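Each chain, written out:
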Amino acid sequence: MQKVEVLGAWLLAFLWAAPLLYAIWAAFHPMDFISRFVLTAPLTLDNFGNAWKVAPFARYFMNSFFLVCLILAGQFILCTLAAYAFARFEFPGKEIAFLLVLVQIMIMPDVLIVKNYQTISSLGLVDTILGIGLPYMASAFGIFLLRQAFKQVPKELEEAARVEGAGWLAVLWKVYIPLAKPTYLAYGLVSVSYHWNNFLWPVIITNSTETRPVTVGLSIFGAPESGVNFSVISAGTLLAVSPLLIAFLIFQRQFVQSFMRSGIK
Amino acid sequence: MKLQRQIAGQVYAWLLLLPAAVLMIAFTHYPIVGGFISSFFSTAREGRSSKFVGLDNYAAMIADPVFWQVLQNNAIYALGVIPVSVALALFMAVCVNGRLPARGLVRAAYFTPTILPMIAVANIWLFFYTPQIGLLDQICALFNIPSRSWLGDTRTALGCMMVLAVWKDAGFFMIFFLAALQGIPPDLEEAALIEGTGRWYYFRRVTLPLLMPTMLFVLVNATINSFKLVDHIFILTKGGPDNASSLLLYYIYEVAFGFWDTAYASTLTVVLLAILTLAAITQFRYMEKRVHYR
């Protein structure tokens, strides 16, 4: 590679890392040093303590954790069953049904906020974690990925299991699911990071501390009306992103490959 | 006996499909169709029930200057963010795919914004744009450029959002190019270089054509993203000043949950869905073509 390209790549990497590095700087130093970068600046953990005191982060974390687990469990179950039907059964209306599933890949529930709010409201699920998760559980994307994975399973394996007397569900459980493990991992990582980060729909559905996920909590906490200074906001922001960020830094390869796999259709 | 088994299989398939179908119809197909129907009715208010109004909502939309403003903003936003983020993504992918010192670190830096929530990112960037004490103004001060309210000025607010969006998206798009680049056999480049082909010429005539399917996929996704992701507006500007930085979906949110005019919000949603459908058709038509050539 030429020197110009290397320099360009590094400069870009610096620019791309800078906001996060800056937030780390601001969070670990007193407010006086937020725009004075001297190496002798005293380190402090006070900002984290303050952030933890100002907003109920523990509760937000619990809500987000519960939310992503609920969605993931729902998606795994519903999408596995549907993908199995599409991959291994012949039935009338299969093509139309699959086309209808594909509609959701382009028009996701994220943009259908008006009607979905009415539906969730008529089900009495406003301000519940189930209400946030329900629209995302039947995921076209999950059905699509798992269907691809199931289709690659050799038919002979299924027939062998059949000969031993296994029923349809047993075949799914013992043959298909174990062989699709990498797809489950990839889809799981993408789904968890998507819903940990999701904001618009949760902010519409929730209106109490008991249900708000981290992103919604963070938006209230970071609002100018809350009156906390930028060092504390940085600390709170780092707290909110830390679970995913740490997971990413440890499992970088899996993350990048999962996002890659999920995009290649 | 055989027929019986066949029918049993069909019933079984539909039973497997049923749970996903119920939820998908309830939260994807019903809102698409129901929203379209609602756009021909008035909003039910206290004492007044919803009634058929024909194309009144659409007439109101065409007469609504805010609608045209957010549509224009969204077009500028998409046309600005997409080419820049895709070009940067391509450059990043080529760099990370080559023999770059500290490659792993560079790749991690590019990709990190993708896994951060937009809300968190906006919180950090808000401080960059803050007048006087913000980093941007501090840098400007070094060059004697006067301080300004970056997010409070109708001329710069949308631009600030676009810079943030480029930063957030480029690393995400990079990985798709990277995957495609890794699929190109390296002997191809070696052979070309031995033949004396210039690197830039090789990139233009060999690499770029091979990346075209990925390019289309990324472009369609980038378009969808620029109409779907509005989280940063909540933190940075709330659409202001004077709707200068508002986007279509954010306006739908305001109309539906600020003014509670659900009929008008449904009408606006129809426009948004039309745009997304257009993007989808582009991709499907292309994919069909590719299947034919195979």
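Residues numbered from 1 in each chain as written. Chains lettered and ligands numbered in written order. Predicted model: local features only at pLDDT ≥ 70, side-chain atom pairs only at ≥ 80, totals over all residues.

Of the regular secondary structure elements, chain A holds 14 helices and zero strands. Listed N to C, the secondary structure of chain A is α-α-α-α-α-α-α-α-α-α-α-α-α-α in terms of helices and strands. Taken against the 2.2 N^0.38 rule, which gives 18 Å for 265 residues, the C-alpha radius of gyration of chain A at 23 Å runs more than 25% over that of a compact globule. The principal-axis extents of the C-alpha atoms in chain A amount to approximately 75 × 60 × 30 Å. Sequence separation of 24 or more characterises 76% of the internal contacts of chain A that already satisfy a separation of 6 or more. (Helix = DSSP H or I, 4+ residues; strand = E, 2+ residues; numbered from the N terminus. Rg over C-alpha atoms; globule rule 2.2 N^0.38 Å. Contact = placed C-beta atoms within 7 Å.)

With that out of the way, let us pick up the overall build of chain B. Counting its regular elements, chain B contains 13 helices and zero strands. Written out in order from the N terminus, the α and β elements of chain B read α-α-α-α-α-α-α-α-α-α-α-α-α. Taking 294 residues into account, the globule formula puts the C-alpha radius of gyration at 19 Å, and chain B, at 24 Å, lies well above it. Its C-alpha atoms put chain B at 80 × 80 × 30 Å along the principal axes. Residues classed as buried in chain B amount to 41% of the 294 residues present. (Buried ≥ 20, exposed ≤ 12 C-beta atoms within 10 Å, placed from the backbone.)

The tendency in soluble globular proteins is for nonpolar side chains to be buried as a group. Membership of the largest hydrophobic core comes to 159 residues, with the highest contact counts inside it found for A:Ala82, A:Ile113 and B:Ile252. In this structure, this core is formed jointly by two domains, domain 1 (1-44) and domain 2 (55-263) of chain A, each of which donates at least three residues. (Core = buried A, V, L, I, M, F, W, Y, C linked by C-beta atoms within 7 Å. Domains from an automatic or database assignment.)

This part is about the domain arrangement of chain A. Residue and element names in this part refer to chain A. As far as domains go, chain A holds domain 1 (1-44) and domain 2 (55-263). Counting from both sides, the interface comprises eight residues of domain 1 and, opposite them, seven residues of domain 2. Of the residues contributing to the side of domain 1 that touches domain 2, the split by class is seven nonpolar, one polar and no charged. (Nonpolar A, V, L, I, M, F, W, Y, C, P; charged D, E, K, R; others polar.)

On the side of chain A, 71 residues touch chain B, which itself brings 72 residues to the contact. Of the residues assigned to the side of chain B that touches chain A, the class counts are 54 nonpolar, 15 polar and three charged.

With 21 residues, helix H13 (residues 230-250) of chain A extends 28 Å between its outermost C-alpha atoms, agreeing within 8% with the 30 Å of an ideal straight helix rising 1.5 Å per residue. Taking the largest bend as the criterion, H13(A) deviates by roughly 55°, centred on A:Ser242, and proline A:Pro243 comes between one and four positions later. (Expected span 1.5 Å × (residues − 1). Bend = angle between axes of the 7 residues up to and from the residue.)

Mapped onto the secondary structure, A:Ala161 falls in helix H8 (residues 155-163). Expressed as a C-alpha distance, the spacing of A:Ala161 and A:Ala23, which sit 138 residues apart in the sequence, is 55 Å.

All names here are of chain B. Within the secondary structure layout, Ala263 lies in helix H13 (residues 262-293). With 224 residues separating them along the chain, Ala263 and Ser39 place their C-alpha atoms 5.4 Å apart. In this view, Ala263 contacts Ser38, Ser39, Phe41, Ser42, Thr43 and Asn57; residues no more than four positions away in its chain are not counted.

So, about helix H5 (residues 113-122) of chain A. Here H5(A) has its buried residues at A:Ile113, A:Val114, A:Lys115, A:Asn116, A:Tyr117 and A:Ile120. Just downstream of H5(A) lies A:Gly124, where phi reads positive at about 70°.

All right, on to the packing of H8(A) against helix H9 (residues 168-179) of chain A then. All names here are of chain A. It is the contact of H8 with H9, at a shortest axis distance of 10 Å, that shows an interaxial angle of 135°. Relative to H9, the element H8 is oriented oblique. Seen along the crossing, H8 lies across H9 with a hand that is right-handed. Two secondary-structure elements touch here, H8 through Leu157, Glu158, Ala161 and Arg162 and H9 through Val171, Lys174 and Val175. Along the lines of polarity and charge, the residues of the contact of H8 with H9 split into four nonpolar, no polar and three charged. (Axes fitted to C-alpha atoms, helices over the stretch in contact; angles between N-to-C directions. Parallel < 35°, antiparallel > 145°, perpendicular 65-115°, else oblique. Left-handed = near helix turned anticlockwise from the far one by under 90°.)

To continue, consider the environment of B:Leu272. Residues and elements named next belong to chain B. Here Leu272 shows up in helix H13. In this structure Leu272 comes out as buried when scored by C-beta crowding, with 22 C-beta atoms within 10 Å. C-alpha of Leu272 to C-alpha of Leu248: the two residues are 24 residues apart in sequence and 7.3 Å apart in space.

The next thing to look at is unusual backbone geometry. Leaving glycine out, the prevailing phi sign among residues is negative, and the prevailing peptide bond configuration is trans. Residue and element names in this part refer to chain B. Here Ala102, not a glycine, exhibits a phi torsion of approximately 60°, which is positive. You can see Ala102 is positioned in the loop between helix H3 (65-97) and helix H4 (103-115). The phi torsion at Asn243 lies on the positive side, around 60°, for a residue other than glycine. Structurally, Asn243 is set in the loop between helix H11 (231-236) and helix H12 (248-257).

Attention shifts here to the packing of helix H5 (residues 118-129) of chain B against helix H7 (residues 157-182) of chain B. Residue and element names in this part refer to chain B. Put simply, H5 and H7 touch, their axes get as near as 11 Å, and they point 130° apart. Between H5 and H7, the crossing angle belongs to the class labelled oblique. Taken as a pair, H5 and H7 cross one another with a handedness that is right-handed. Packed against H5, whose contacting residues are Met118, Val121, Ala122, Trp125 and Tyr129, the element H7 presents Cys160, Leu164 and Lys168 at the interface.

All names here are of chain B. On average, residues of chain B score 88 in pLDDT, and 97% of them are at 70 or above. By mean pLDDT, the top-scoring element of chain B is H12 (96), and the lowest-scoring one is helix H8 (residues 186-194) (80). Prediction confidence for the complex, expressed as pTM and ipTM, is 0.90 and 0.90 respectively. (pLDDT = per-residue confidence, 0-100.)

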